[in-house]
Amino acid sequence: MDLNLNTRIELNNGIRIPIIGLGTWLLSRDSAYNAVLWALEMGYRLIDTATIYGNERKVGKAINASGIPRDEIFITSKVWKSDQGYENTLTAFDKSLKKLGLEYLDLYLIHWPVPEKSIETWKALERLYNEGKTRAIGVSNYNLHFLNELLRSTSKVPMINQVEFSPFLYQKELLNFCKTKKIYLEAYSPLTRATKLNNPKILELSKNHNKTSAQIMIRWGLQHQIIEIPKSGNKIHLKENINIFDFSLNESEMHELDNLNENYRIENDPILYFE
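Now for a look at the structure at hand. Only a predicted model underlies this, so the values are computations on that prediction, with no experimental measurement involved.

**Observations concerning the overall build of the protein**
Within the protein one finds 10 helices and 10 strands. In summary, the protein has a C-alpha radius of gyration of 18 Å against a globular reference of 19 Å for 275 residues, a match within 12%. With the principal axes as the frame, the protein shows a C-alpha extent of 55 × 45 × 35 Å. Across the 275 residues that make up the protein, the buried fraction comes to 54%. Counting 34 positive and 33 negative side-chain charges, the protein places the averaged centre of each group 4 Å from the other.

Here it is in structure tokens:
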């Protein structure tokens, strides 16, 4: 499959999502507004935010200021841990929608699993979906345990599972499981927040392809059929992060990157909920 910035993949409910977008965690106030506006001007069409990020108002203002038709932009937000539960989730969704200044979302996610509330929270998402308030629903930071628990309790399979994913956290078992269930993985922190960009193997491939380390890592994820949402508030980096469609990694190079896995995480492992 030839990939480009306009490539969209079909989720299990028929909705199409761009394969690469902008993550906005840690972008606040003007930095969030500028990053979203720059990204949209460059051709990004997937914007990811969340209640806990505290930037939904700025993200919404940038989307409105872009002048791009609403139906061309895919917008995601998420319900935070403290807002979960059936009624609380419905309230949190309405607040997010109001802050964003939108009439609907394209994707709404459970941000983190909260074991005692996950099922009722998911039922609230199903209601929002059935009422047409969000075009797709899914989860975030769900490992195999939480996914299986959810799938045993609902008839509607999540469309997305957004997790931390990079060559240094190659969650192969989770990826394969999600593929069998037609759940797309979406990668946050695919660049390990720059902590692994100087890895010797990454630098070697960067030199061989005349690409940055970030571009090598993003391309790796795309070739694993992962949706990528790298975060940046830097205009140069925003452009670099989508300049990844004029090269590809061969099978040997992909294998080398797969073998960099060391279960390296920026965020907490969801398994900590059991400890």
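**As for the pattern of salt bridges**
Any two side chains of opposite charge can pair, so long as their charged atoms come close to each other. Applying the stated rule across the entire model yields 12 salt bridges. In this structure, D48 and K78 form a salt bridge, with 2.6 Å as the shortest nitrogen-oxygen distance. Within this pair, whereas D48 is found in strand β4 (residues 46–48), its partner K78 is found in strand β5 (residues 74–79), the two being separated by 30 residues in sequence. We classify D48 as buried; its relative accessible area is 1%. Linking E267 and R193 is a salt bridge whose minimum nitrogen-to-oxygen distance equals 2.7 Å. Here R193 lies in the loop between β9 (184–188) and α7 (200–209) and E267 lies in the segment after α10 (251–258), a separation of 74 residues in the sequence.

**Considerations on the packing of aromatic side chains**
Overall, the coordinates contain 6 aromatic pairs when judged by the stated rule. Connected via pairs of aromatic rings, a cluster forms that spans F165, Y170 and W220. It is K196 that lies over the ring of Y264; its NZ or CZ is 4.5 Å from the centre.

**Digging into the packing of helix α3 (residues 86–100) against helix α4 (residues 118–130)**
Packing of α3 against α4 brings their axes to within 8 Å, and their N-to-C directions diverge by 45 degrees. Here α3 is positioned oblique relative to α4, judged by the angle of their axes. When you trace α3 past α4, the crossing you get is right-handed. Residues Y86, T89, L90 and F93 of α3 lie in contact with α4, whose contacting residues are E120, T121, K123, A124, L125, R127 and L128. Among the residues forming the contact of α3 with α4, the class breakdown is 6 nonpolar, 2 polar and 3 charged.

**Examining the packing of helix α5 (residues 144–153) against helix α6 (residues 172–180)**
Between α5 and α6, whose axes approach to 11 Å, the crossing angle comes to 20 degrees. Of the possible angle classes, the one that applies to α5 and α6 is roughly parallel. Between α5 and α6 lies a crossing of left-handed hand. Residue-level inspection shows L144, L147, N148 and L151 of α5 in contact with α6, the latter providing E173, L174, F177 and C178. Of the residues that constitute the contact of α5 with α6, the class distribution is 6 nonpolar, 1 polar and 1 charged.

**A word on α5**
Within an α-helix, residues lying three or four positions from one another point in the same direction, as the helix has 3.6 residues per turn. F146, L147, L150 and L151 are the residues of α5 that are buried. Projected down its long axis, α5 shows its buried positions confined to an angular sector of 130 degrees, all on one face. The distance from a side-chain oxygen at the start of α5 to the backbone nitrogen of H145 is 3.2 Å, and the residue carrying that oxygen is N143.

**Thoughts on a positive patch on the surface**
Taken together, the side chains of R57, K61, K95, K98 and K99 make up a positively charged region of the molecular surface. Where the positive patch is concerned, the elements lending two or more residues are α2 (56–66) and α3. Per-element tally for the positive patch: the top contributor is α3, with 3 residues. The residue K95 is located in helix α3 in this model. Residue K95 is classed as exposed on the basis of its relative accessible area, which comes to 54%.

**Some remarks on α10**
Among all positions of α10, only E253, M254, L257 and D258 are buried. All buried residues of α10 project into a common sector of 145 degrees when viewed along the axis, lining one side. Contact partners of the buried residues in α10: α7 and α8 (213–223). With a side-chain oxygen positioned 3.1 Å from the backbone nitrogen of S252, the residue opening α10 is N250.

Calculation rules
- Along every chain, residues carry numbers that run from 1 in the direction the sequence is written.
- Owing to the predicted nature of the model, reporting of local features is limited to residues with pLDDT of at least 70; listing and counting of side-chain atom pairs is limited to 80 or more, with chain, interface and lining totals taken over all residues.
- Based on all heavy atoms of the structure, the side-chain values leave hydrogens and waters out of the count.
- The way it works is that DSSP assigns letters per residue, a run of H or I at least four long becomes a helix, a run of E at least two long becomes a strand, and they are numbered from the N terminus.
- The globule rule is 2.2 Å times the number of residues to the power 0.38, and the radius of gyration it is compared with is taken over C-alpha atoms.
- Each residue is assigned to one of three classes by its accessible area relative to the maximum for its type, calculated with a 1.4 Å probe on protein chains only: buried under 20%, partly exposed between the two thresholds, exposed over 50%.
- In this charge count, Lys and Arg are treated as positive and Asp and Glu as negative; neither His nor the chain ends contribute.
- Where a charge lies is defined by one atom per residue type, namely NZ (Lys), CZ (Arg), CG (Asp) and CD (Glu).
- We define a salt bridge as a contact between a side-chain nitrogen of Lys or Arg and a carboxyl oxygen of Asp or Glu at a distance within 4 Å.
- Each pair of aromatic rings taken from Phe, Tyr and Trp, with Trp reduced to its six-membered ring, is defined by centres within 6.5 Å and is described as stacked if the planes are under 30 degrees apart, edge-to-face if over 60, and tilted in the remaining cases.
- Only lysine NZ and arginine CZ atoms are considered, and such an atom sits over a ring when it is within 6 Å of the ring centre and within 35 degrees of the ring normal.
- Here an axis means a line fitted to C-alpha atoms, over the contact stretch when the element is a helix, while the angle between two N-to-C directions is reported on a 0 to 180 degree scale.
- Angular relationships are summarised with four words: roughly parallel below 35 degrees, roughly antiparallel beyond 145, roughly perpendicular across 65 to 115, and oblique for the angles in between.
- Handedness of a crossing is defined here by the sense of rotation of the near helix relative to the far one, left-handed for an anticlockwise turn of less than a right angle and right-handed for a clockwise turn.
- What makes two residues a contact is simply this: any of their non-hydrogen atoms within 4.5 Å.
- Ten residues, namely Ala, Val, Leu, Ile, Met, Phe, Trp, Tyr, Cys and Pro, are considered nonpolar, four, namely Asp, Glu, Lys and Arg, are considered charged, and the remaining ones, Gly among them, are considered polar.
- Comment: arc refers to directions from the helix axis out to C-beta atoms.
- Here a polar contact means two N or O atoms within 3.5 Å. Within protein one must be a hydrogen donor candidate and the other an acceptor candidate, and residues neighboring in sequence count only if both atoms are side-chain atoms.
- Surface patches are defined over residues having more than 30% relative accessible area and no salt bridge, joining like charges when they lie within 9 Å and nonpolar side chains (Val, Leu, Ile, Met, Phe, Trp, Tyr) when within 5 Å.
- In these tables, accessible area is a Shrake-Rupley quantity obtained with a 1.4 Å probe, and a residue counts as shielded only by the protein chains included in the view.

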